[in-house]
Each structure stands twice: as C-alpha cells, then as structure tokens.
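These are the residues of each chain, in order.
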Amino acid sequence: MAGDPNAPHFPRSAPIDAYGKGGFAFAGMSHRGSLLCLPDAIWAWDVTDPAMIDRYSLDRVFAAANGIDTLLIGTGTGMWLPPPELRQALKAMRVVLDTMQTGPAVRTYNIMIGERRRVAAALIAVP
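These figures come from a predicted structure and were not determined experimentally.

How should the nonpolar core be read in this particular structure?
The biggest cluster of nonpolar side chains holds 23 residues, and the ones touching the most others in it are I53, L58 and L71. Contributions of two or more residues to this core are made by strand 4 (34-38), strand 5 (41-45), helix 1 (59-63), strand 6 (70-74), helix 2 (84-92) and strand 8 (119-123). Excluding residues within four positions of it along the chain, L58 makes contact with L36, W45, I53, L71, I73, L86 and A122. In this structure, I16, F24, F26 and L35 belong to the second largest nonpolar core, which totals 18 residues.

Here it is, written out as structure tokens:
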C-alpha cells in the first residue's frame, strides 16, 4: 500500500486476521511491514527491531494516550524488555505497557478489541 505516510491505512480499529510472511492482514487488506494499531486508525509502523522502539517511534500512541488504557507491543519473534524511561513515560500518561512476541500480541489485541477495550498495539512484522 503506497500513499500518504500521514494518512492511516484504515480509519478505525480492526481485528488482525493473519500475520507472518513479513506482514499482516486486516479488514480485507494486507500490509507488508509492521503496524501501529490505535483505537481510531491502523498505521504503517517503520519499526523492524525492538531496539528501535522508543518514545519517538510511539509518538502516535502518546498523542492518542487519553483514549488508550493498554499498549501491547509485539516484539517480533524474540523477547524484549522496554527501557524503564519508556515504561515510566507511558505510566505518566496512564497507559499500561505489555510486551510479548508478535503472535501472542495479535491474539491478545483481537480479544481486547472484541471486548471493546481501549487498547493499542505496536506490532513488529514476523517472517
């Protein structure tokens, strides 16, 4: 999907139907690369490795924090411990951070949006 990098791929939240092969399927569309799923839209996310995750890469999450209770970070195929300053910055915005591999993060995200929870997910694409 090419287009305006300032425009979302999808204008609301949606369950993730499939993941793997370097991308995701949702809302009848497919996307190569990582995703940032917010309550109001799904965005392309240029993070390919957990080491790239910082406040800047999560800027859209911080901007929308008043509508988010939980941020799930799908870390790809490995585990990742967020830096304490990132966890503290999110806590200051009243956002709970939960990190796990991308597969479990997708499943947890789908359950939480099915329950109409105020959840966001930053998902690193897996092979």
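Is there a simple way to explain the packing of aromatic side chains in this structure?
For any pair of aromatic rings, geometry is given as the distance between the ring centres together with the angle between the planes. Enumeration over the complete set of coordinates arrives at one aromatic pair. On the numbers, 6.3 Å between centres and 75 degrees between planes, the contact of F10 with F26 is edge-to-face. Within this pair, whereas F10 is found in the segment before strand 1 (16-20), its partner F26 is found in strand 2 (residues 23-26), the two being separated by 16 residues in sequence. Between the NZ or CZ atom of R60 and the centre of the ring of W43, over which it lies, the distance is 3.5 Å.

Is there a simple way to think about unusual backbone geometry in this case?
As a rule of thumb, non-glycine residues mostly have phi less than zero, and peptide bonds are mostly trans rather than cis. One non-glycine residue, A27, adopts positive backbone phi at about 50 degrees. You can call A27 partly exposed: its relative accessible area is 34%. If you check the backbone angles, R94 has positive phi at about 65 degrees while not being a glycine. Here R94 shows up in the loop between helix 2 and strand 7 (96-100).

Can you help me understand the sheet that holds strand 5 in this one?
Strands pair in a sheet through their backbones, by hydrogen bonds, and they do so in one of two ways: parallel or antiparallel. The mixed open sheet is built from five strands, whose spatial order is 5-4-8-6-7. The open sheet terminates on both sides in strands that have one partner only, identified here as strand 5 and strand 7. Averaged over all neighbouring strand pairs, the angle between strand axes comes to 20 degrees, with direction disregarded. As judged from the five bridges shared by strand 4 and strand 5, these two strands associate in the antiparallel manner. Its bridge partner being in strand 5, L38 is matched across the sheet by A41. Set on the sheet, helix 3 (residues 102-114) makes contact with strand 4, strand 6, strand 7 and strand 8; between it and strand 6 the angle comes to about 150 degrees.

Even after reading the chapter, I still don't get the pairing of strand 8, so can you show me in this structure?
The side chains of a regular strand alternate, residue by residue, between the two faces of the sheet. Counting buried residues in strand 8 gives five out of five residues, a clear majority hidden from the surface. Of the two faces of strand 8, the one carrying V119, A121 and L123 and the one carrying A120 and A122 are both buried. Relative to strand 8, strand 6 runs parallel, the two being bridged by five bridges. Across the sheet, L71 pairs through a bridge with A120, a residue of strand 8.

What exactly am I supposed to notice about the sheet that holds strand 3 (residues 29-32) here?
Judged by pairing direction, the sheet is antiparallel, and its three strands sit side by side in the order 1-2-3 without closing on themselves. Looking at the sheet topology across the chains shown, the edges are occupied by strand 1 and strand 3. Strand-to-strand twist in this sheet, taken as the mean axis angle between neighbours without regard to direction, amounts to 15 degrees.

It is not clear to me how the pattern of salt bridges should be interpreted in this structure. Could you clarify?
Here the structure, examined in full by the defined rule, presents two salt bridges. Note that D69 is salt-bridged to R118, the shortest N-O span being 3.1 Å. Of this pair, D69 sits in the loop between helix 1 and strand 6 while R118 sits in the loop between helix 3 and strand 8, and the two are 49 residues apart along the sequence. Of the charged contacts, one joins E115 and R117 as a salt bridge, the two residues approaching to 3.0 Å between their closest N and O atoms. Judged by its relative accessible area of 47%, E115 falls in the partly exposed class. Accessibility expressed as a relative area gives 44% for R117, which makes it partly exposed.

Criteria and thresholds
Residues numbered from 1 in each chain as written. Predicted model: local features only at pLDDT ≥ 70, side-chain atom pairs only at ≥ 80, totals over all residues. Heavy atoms only, no water. Core = buried A, V, L, I, M, F, W, Y, C linked by side-chain atoms within 4.5 Å. Buried < 20%, exposed > 50% of the residue type's maximum accessible area, 1.4 Å probe, protein only. Helix = DSSP H or I, 4+ residues; strand = E, 2+ residues; numbered from the N terminus. Contact = heavy atoms within 4.5 Å. Phe/Tyr/Trp six-rings, centres within 6.5 Å; stacked < 30°, edge-to-face > 60°. Lys NZ or Arg CZ within 6 Å of the ring centre and 35° of its normal. Pairing = 2+ DSSP bridges. Axes fitted to C-alpha atoms, helices over the stretch in contact; angles between N-to-C directions. Salt bridge = Lys/Arg side-chain N within 4 Å of Asp/Glu carboxyl O.

Keep in mind that these numbers describe shape and distance, not what the molecule does.
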